[in-house]
Amino acid sequence: MFPTNHKTIFVLDHTPYFGISSDFPIDFDVSKSRGAGYVPLPPICKSLWTCSVEASVEYCRIVWDLFPEGKLVRFIVSDAAAHILNTWALAQQNLTHILNGLCLVGPVRRGAGGDVVGLCAAIESLAEASPIQSSRPSTERLFQNRGRIICITSARDDDSIRSLAEIALNTLVQQNKKASAAQPPTTTDASTSTQSLVVHYCHLVIINVTPEKAETRVNNQPLTEMGGGLMGVEVIVCRASTLANLLGKLVLPHYRLAITTVTGIPMKEEQNASSSANYDVEIIHSAEAHAGLRASQTAAEATESVVLRWWTPRGAEGGAGGCNGPLWRVTPADVASRPSACLVNFLLNGRSVTLEVPTRKAGCRSASHVLAAQGGELWIGALGGRTPYEDPPALSEGAGGRVTDYRIKEFGALMQQNKIHPLRGIGSNTRARTKLQRHTTYWPLTISSTLIFNLGSVMEPLTRLVVQESLTEDEVETCRGVLLSLLGMETRHEFPSAQLPANLRGKSSGRREEQWRQVWGELEALVRAHSNSSPHRALLRTLLECRSHNHSNEGESSRATVIRATTDSPLSPVGAGNGNGDVWAPRNALDALLGAPRPPRRPDFAGRLTAGNRIATLYPQMQQDVETQN
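Fair warning: this is a prediction, and the values are worked out from it, not measured in the lab. (Residues numbered from 1 in each chain as written. Predicted model: local features only at pLDDT ≥ 70, side-chain atom pairs only at ≥ 80, totals over all residues. Heavy atoms only, no water.)

(A) View of the overall build of the protein. Across its full length, the protein holds 19 helices and 17 strands. A total of 630 residues make up the protein; the buried ones form 40% of that total. Expressed as a percentage of contacts within the protein between residues at least 6 apart in sequence, the contacts between residues at least 24 apart total 70%. When the accessible surface of the protein is summed, it comes to about 35100 Å², and 54% of that surface belongs to carbon and sulfur atoms. (Helix = DSSP H or I, 4+ residues; strand = E, 2+ residues; numbered from the N terminus. Buried < 20%, exposed > 50% of the residue type's maximum accessible area, 1.4 Å probe, protein only. Contact = heavy atoms within 4.5 Å. Areas by Shrake-Rupley, 256 points an atom, 1.4 Å probe, with all protein chains shown as cover.)

(B) Focus on the pattern of salt bridges. Enumeration according to the criterion identifies 14 salt bridges in this entry. Across the pair Arg-162 and Asp-159 runs a salt bridge, and its minimum N-O distance is 2.6 Å. Of the two residues, Arg-162 and Asp-159 are both situated in helix H5 (residues 158–181); the distance of 3 residues between them amounts to about one turn of the helix. Here Arg-329 ties to Glu-377 by a salt bridge, and the two come within 2.8 Å at their closest N and O atoms. Of the two residues, Arg-329 is situated in strand S13 (residues 327–329) and Glu-377 in strand S17 (residues 377–382); the sequence distance between them amounts to 48 residues. The class for Glu-377 is partly exposed, based on a relative accessible area of 29%. Through salt bridges with shared partners, a single ionic network connects Glu-58, Arg-61 and Asp-65. (Salt bridge = Lys/Arg side-chain N within 4 Å of Asp/Glu carboxyl O.)

(C) Structural context of the packing of helix H12 (residues 473–491) against helix H14 (residues 512–529). Contact geometry of H12 with H14 gives a least axis separation of 11 Å together with a crossing angle of 165°. When the interaxial angle is binned, H12 and H14 end up roughly antiparallel. By crossing handedness, the relation of H12 to H14 is classed as left-handed. Contact residues: H12 offers Leu-483, Leu-486, Leu-487, Met-489 and Glu-490, while H14 offers Trp-516, Trp-520 and Leu-523. (Axes fitted to C-alpha atoms, helices over the stretch in contact; angles between N-to-C directions. Parallel < 35°, antiparallel > 145°, perpendicular 65-115°, else oblique. Left-handed = near helix turned anticlockwise from the far one by under 90°.)

(D) How the structure looks around a nonpolar patch on the surface. Taken together, the side chains of Phe-24, Ile-26, Phe-28, Tyr-38, Leu-41 and Ile-44 present a nonpolar region at the surface, about 530 Å² in accessible area. Classification of Phe-28 as exposed rests on a relative accessible area of 51%. (Patch = residues over 30% accessible without salt bridge, like charges linked within 9 Å, V, L, I, M, F, W, Y side chains within 5 Å.)

(E) Spotlight on the layout of surface pockets. Here the second largest pocket defines a volume of roughly 450 Å³. Forming the boundary of the second largest pocket are 21 residues, of which Thr-153, Ser-154, Ala-155, Arg-156 and Ser-160 lie nearest the centre. Broken down by element, the residue count for the lining of the second largest pocket peaks at 4 residues, all from H5. Its residues assigned to classes, the lining of the second largest pocket comprises 7 nonpolar, 9 polar and 5 charged. (1 Å grid on protein atoms, 1.4 Å probe; cavity = no way out; pocket = protein on both sides within 12 Å on 5 of 7 lines; lining within 4 Å. Points joined across faces, edges and corners; volume = space filled by probe spheres on them. Nonpolar A, V, L, I, M, F, W, Y, C, P; charged D, E, K, R; others polar.)

(F) Structural context of helix H3 (residues 116–127). Under the 1.5 Å per step criterion, the end-to-end length of H3 is 17 Å for 12 residues, consistent within 8% with the ideal 16 Å. Looking at the buried residues of H3, the elements they touch are strand S1 (7–13), strand S4 (72–78), strand S5 (82–84), strand S6 (146–153), H5 and strand S7 (201–210). (Expected span 1.5 Å × (residues − 1).)

(G) Layout of the sheet that holds strand S8 (residues 221–226). Read across the sheet, 7 strands follow the order S5-S4-S1-S6-S7-S9-S8 without closing on themselves; strand pairing throughout is mixed. Each edge of the open sheet carries a strand with a single partner, namely S5 and S8. Geometrically, the sheet is characterised by an average inter-axis angle of 20° between neighbouring strands, direction not taken into account. Of the strands in this sheet, S1, S4, S5, S6 and S7 are in contact with H3, which crosses S4 at around 155°. (Pairing = 2+ DSSP bridges.)

(H) Structural detail: empty space enclosed by the protein. Following the criterion strictly, the structure yields 1 cavity of 30 Å³ or more and no others. Its boundaries defined by the atoms lining it, the largest cavity holds a volume of some 40 Å³. Val-281, Ile-283, Val-330, Pro-332, Ser-340, Leu-343, Val-344, Leu-347, Leu-371 and Leu-378 are the residues that line the largest cavity. The biggest single contributor to the lining of the largest cavity is helix H8 (residues 338–348), with 4 residues. Partitioning the lining of the largest cavity into residue classes produces 9 nonpolar, 1 polar and no charged.

(I) Spatial organisation of the packing of helix H1 (residues 48–66) against helix H6 (residues 243–255). The contact between H1 and H6 brings their axes to 9 Å, and the two run at 30°. Taken together, H1 and H6 sit at an angle that is classed as roughly parallel. Considering how the two elements wind past one another, H1 and H6 form a crossing that is right-handed. Counted together, Cys-51, Ser-52, Ala-55, Ser-56, Tyr-59, Ile-62 and Val-63 of H1 and Leu-243, Ala-244, Leu-247, Leu-250, Val-251, His-254 and Tyr-255 of H6 form the full contact between these two elements. Partitioned by chemical class, the residues of the contact of H1 with H6 number 11 nonpolar, 3 polar and no charged.

(J) Representation of the pairing of S6 in the model. Taken across its 8 residues, S6 has 7 buried, putting it largely inside the fold. Of the strand pairs in this sheet, S1 and S6 are connected by 5 bridges, and their pairing is parallel. Within the sheet, the bridge partner assigned to Ile-9 lies in S6 and is Ile-149. Here S6 pairs with S7 via 8 bridges, running parallel. Bridge pairing links Arg-146 to Tyr-201 in S7.

(K) Representation of the nonpolar core within the structure. In this structure, Phe-10, Ile-152, Ile-207 and Leu-247 are the most contacted members of the largest nonpolar core, which totals 40 residues. A per-element tally of this core places H1 first, with 12 residues. (Core = buried A, V, L, I, M, F, W, Y, C linked by side-chain atoms within 4.5 Å.)

(L) Quick look at the pairing of S7. Within S7, 10 of the 10 residues are buried, which leaves it mostly tucked inside the rest of the structure. Burial along S7 is two-sided: Tyr-201, His-203, Val-205, Ile-207 and Val-209 and Cys-202, Leu-204, Ile-206, Asn-208 and Thr-210, pointing in opposite directions, are all buried. Where S7 and strand S9 (residues 231–239) come together, 9 bridges link them in parallel fashion. Bridge pairing in S9 places Thr-210 opposite Arg-239.

(M) Broad picture of the packing of aromatic side chains. In the structure shown here, the tally under the stated rule is 10 aromatic pairs. Plain terms: the ring middles of Phe-2 and Phe-143 are 5.0 Å apart, the flat faces sit at 70° to each other, and that makes the pair edge-to-face. Note that Phe-2 is positioned in the segment before S1 and Phe-143 in the loop between helix H4 (131–134) and S6, a separation of 141 residues in sequence. Residue classification places Phe-2 among the buried residues on the basis of a relative accessible area of 5%. Since its relative accessible area comes to 10%, Phe-143 is described here as buried. A network of ring pairs unites the aromatic residues Phe-10, Tyr-59, Phe-67, Phe-75 and Tyr-255 as a single cluster. In this structure, Arg-407 packs its charged tip against the face of Trp-443, placed 4.5 Å from the ring centre. The positively charged end of Arg-407 is found above the aromatic ring belonging to Phe-453, 4.5 Å away from the centroid. (Phe/Tyr/Trp six-rings, centres within 6.5 Å; stacked < 30°, edge-to-face > 60°. Lys NZ or Arg CZ within 6 Å of the ring centre and 35° of its normal.)

Below is the structure:
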């Protein structure tokens, strides 16, 4: 429940040794264009104390930016006494409080002391309950109290480091004895109790800091368990100039963080506003944001920064809301750099950025993450484990790049007519399903598979009115007029080929009898699909009379064949009519999805049927022939 990074304590050595120079010169006078006779300012060097304070404060900035709650950090300055700068209270978990405390401590002064007194105070601070731990009821205080101590000091040799670790272990053992022997509080309010907790594990990180040109006899030591697993000690030797980079790398495994390098950020130059250059910015966030990218990386690559390329911003209407997955807080690795400040301001202005995985394949893009600001904080969201893809083709582009004849606009209108809304009352779902069934019973998927929906004004307004749930008398008479007009054209041996699209005129130039047979077959299938009311059935009878006027010699089997041929499309599967002959409709897409599965087109392998649950043997007679010969 409470991991090791729940409580972290920095112990900063404030002895006189940390007042010496780091021997790493910094050019203070950045302006080189001075007049003649100007004496440039000499470079300056930070002290060991300044380097340790800056590095530890930057460590805390990253932690508090990404974890506003739940991750606590304390500072203890050690010289002749232990100066505790803050407590576990949430009001003191901020940089302002820490910097004010460091100002009160002041610079390094002469005097005795060391880091032992501060290390002992840090172990006692680990035994103090945090606000979250204090809020736990007394009956649920069986949690593990773990913590981490980062001690920035400077020792002579490995023996001094070993002695320091043994002192810390002995102090921890004595502190646990006191906590175990203490009587439980009599009050029921756990928040007012000052009882110490047992420290179950302490991760002690000793960073030995030396000036740039000084030699040291301290060696790096990997994590070593002491006291039967009660304490883990890790020793790191570091130059003062690289202390900030070291703590910037240590914060990643301590809090399971990762670095993303956003490359290719277009920015205008300060000197020339008309020109722009591409910059890179490193951002820090939870390692879970790279879960979809780590699968294709090796163990060595997983420890390095993941490079993602800047994509075209989505605009102000984007944002973290466009990402359906989880979001993680983001903070820049170098908050003082100009590219980082420009990226932060860009996101805080309401813009969002899509990040893509750089690919070598030309024209192939893989959007992986989105950067956005929400609530004044920066967030990164994973777009899912998408594989590299090219720009998605339009719906009208089929395989091989050729343009197909899907009825795209009509399909959009069909979706608009069948939007699903929350309905109240008994039978609302049934009514919605019945409406969808009527609309999908006969609905050609492609332009080339239908004639009546391509004849335009000749069929209007019949194709528009017949899909309604009910028809008035005037609407029925209008539809009858359309049917009589079609019957007159057929009697005069005319066909409105001029109404067809240009790409279908050549394909539909067959015999007029076949064309009219297809038209009447499609009309009958359409009207039958929507014959849910008496006006629709009256219109259907009129249609059948008009059709039988010139096709009286054709039987019902021929009519059914034509209807099945004209309704052969993915959205209008072939079906059989019912027995009463009142309303005929083929099996629609809704029944195909929700109904019982259709039988297979071909029978199953006879050997598999015979074998049952056993493995079927191919050509068993061949094995029998071999056995007979032997």
